[in-house]
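# Breakdown of the fold
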Amino acid sequence: MTSPLMMGAVAYAPKVVTIWEGFKEYFRRHDFAFDYILYSNYERQVEAQFEGAIALAWNSPLAWVRADRIARSRGQQAHAVAMRDTDRDLTSVLVARADSALGASGALTDLAGAVVGFGAIDSPQARLIPLDHLRQHGLIAGRDYTARRFDVLGGKHGDHIGGERDAALALMAGEIDAAWMIDGNHMAFSREGILPAGATRIVARTGAFDHCNFTVSPGAPQAQIERFTELLLAMSWDDPEVRPLLELEGLKTWLPGRTSGYEALIRATDDEGFYDREGNIRAVDYQY
C-alpha cells in the first residue's frame, strides 16, 4: 500500500478540519493517497518540513519566507507549487475615520504624530508589509508615528484576522487615528457594520503582494507531488462536490505557485528583524 502524501496545515479556525477532510475525500476519489497534520502555528509547521514529518505545507507568505531561508541555509530548495487565484496581487489599506483630517492632503506625512493600528506581530498583511510601505515613504514607527499592535493568536500569521478586526473597532472607538488591514477585510468589515458605510476613508494603499502557497519540503517524493499538483489544479468550480471546498478555502481556481509577490515581505522581515538569513526567529516579543 502506498504511503499517503502528508501535508501540513495550520488550525487557525474550526473550518480547517472540514476543508482538509473534504480535500482528503476528493483525492481518495481519484485514487491518490493523501493525509494531513494540523499544527497550532506556522513556526512548528515549517520546522516539521525539515524534520521529514510532512511532504508539503499550506503556508502563509511569512512561513514561505522562513521555509525558503532554512532550505537555502542547508543547501536545499523549497518550492511553491500552487496557490489560490485569491492569493495573487493583494493590497492592504490604511483606513482613517471620515471626519479625521488625517491624510486629507493626500500625503503620508500627515501621519506625523499619529497613532496607527496594526494587526498581530506576525501578520504580513496588517503589520509587516504596512510597516515596510511606510518605511519606503520615510516614516519610521516610534520616530514619526506611534505604532499600536493588536496581537491575536500569535503563530498563525494573521490568518484569523482578529487583530485587524480589533484595530478596526479601536479606530471607530477613537482609540487610534488609523488602522491597517487587507483590502478584502476592509470590505468585509464594512459589510459587517464594524466600519459603517461612509464612516471611513482610505488614506494609503500598499503595493501588490501575494499570500499563501503550497510549499514542497526538501526531499519530498516527486511523483506524488506532481500527482497532487495535477489533481489540485484540476479542481473545478463547476463540480458540485468540489465547489463547497473551494468556497470554504476562499477561491474559485487553483493556480501554479509563484514567489515573485513576496519582495516587500522579505524586505520587512529583514528590517523588522523577524527572521535572520537562516530562518531563525529573532522577533524578541513573538509568542506562539
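My aim in this report is to walk through the structure given alongside it, one point at a time.

What counts, and at which threshold
- Residues numbered from 1 in each chain as written.
- Predicted model: local features only at pLDDT ≥ 70, side-chain atom pairs only at ≥ 80, totals over all residues.
- Heavy atoms only, no water.
- Buried < 20%, exposed > 50% of the residue type's maximum accessible area, 1.4 Å probe, protein only.
- Helix = DSSP H or I, 4+ residues; strand = E, 2+ residues; numbered from the N terminus.
- Contact = heavy atoms within 4.5 Å.
- Pairing = 2+ DSSP bridges.
- Axes fitted to C-alpha atoms, helices over the stretch in contact; angles between N-to-C directions.

### Comments concerning helix H6 (residues 183-192)
- Within H6, burial applies to Asp 183, Asn 185, His 186, Ala 188 and Phe 189.
- Residues of H6 that are buried make contact with strand E5 (92-97), helix H4 (124-136), helix H5 (162-172), strand E8 (178-182) and strand E9 (200-205).

### Points about the sheet that holds strand E6 (residues 115-118)
- Taken in spatial order, the five strands make up an open sheet running E7-E6-E8-E5-E9, and their pairing is mixed. Looking along the sheet, the strands with just one partner apiece sit at the ends: strand E7 (146-149) and E9. Across the sheet, the axes of successive neighbouring strands diverge by a mean angle of 30 degrees, strand direction being ignored.
- Across the sheet, H5 touches E5, E6, E8 and E9, and the angle it forms with E8 is around 150 degrees.

### Re the sheet that holds strand E2 (residues 34-39)
- One open sheet accounts for six strands, arranged E2-E1-E3-E10-E4-E11; its pairing is mixed. Each of the sheet's edge strands pairs with one partner strand only, and the pair in question is E2 and strand E11 (254-256). The mean angle between the axes of side-by-side strands here comes to 25 degrees, regardless of whether they run parallel or antiparallel.
- Examined bridge by bridge, strand E1 (residues 5-10) and E2 share six bridges and lie parallel to one another. If you follow Met 6 over to E2, its bridge partner there is Asp 35.
- The strands touched by helix H3 (residues 61-73) are strand E3 (56-59), strand E4 (79-84) and strand E10 (213-216); relative to E3, the strand with the most contacts, the crossing angle is about 140 degrees.

Taken by themselves, the reported measurements are silent on function.
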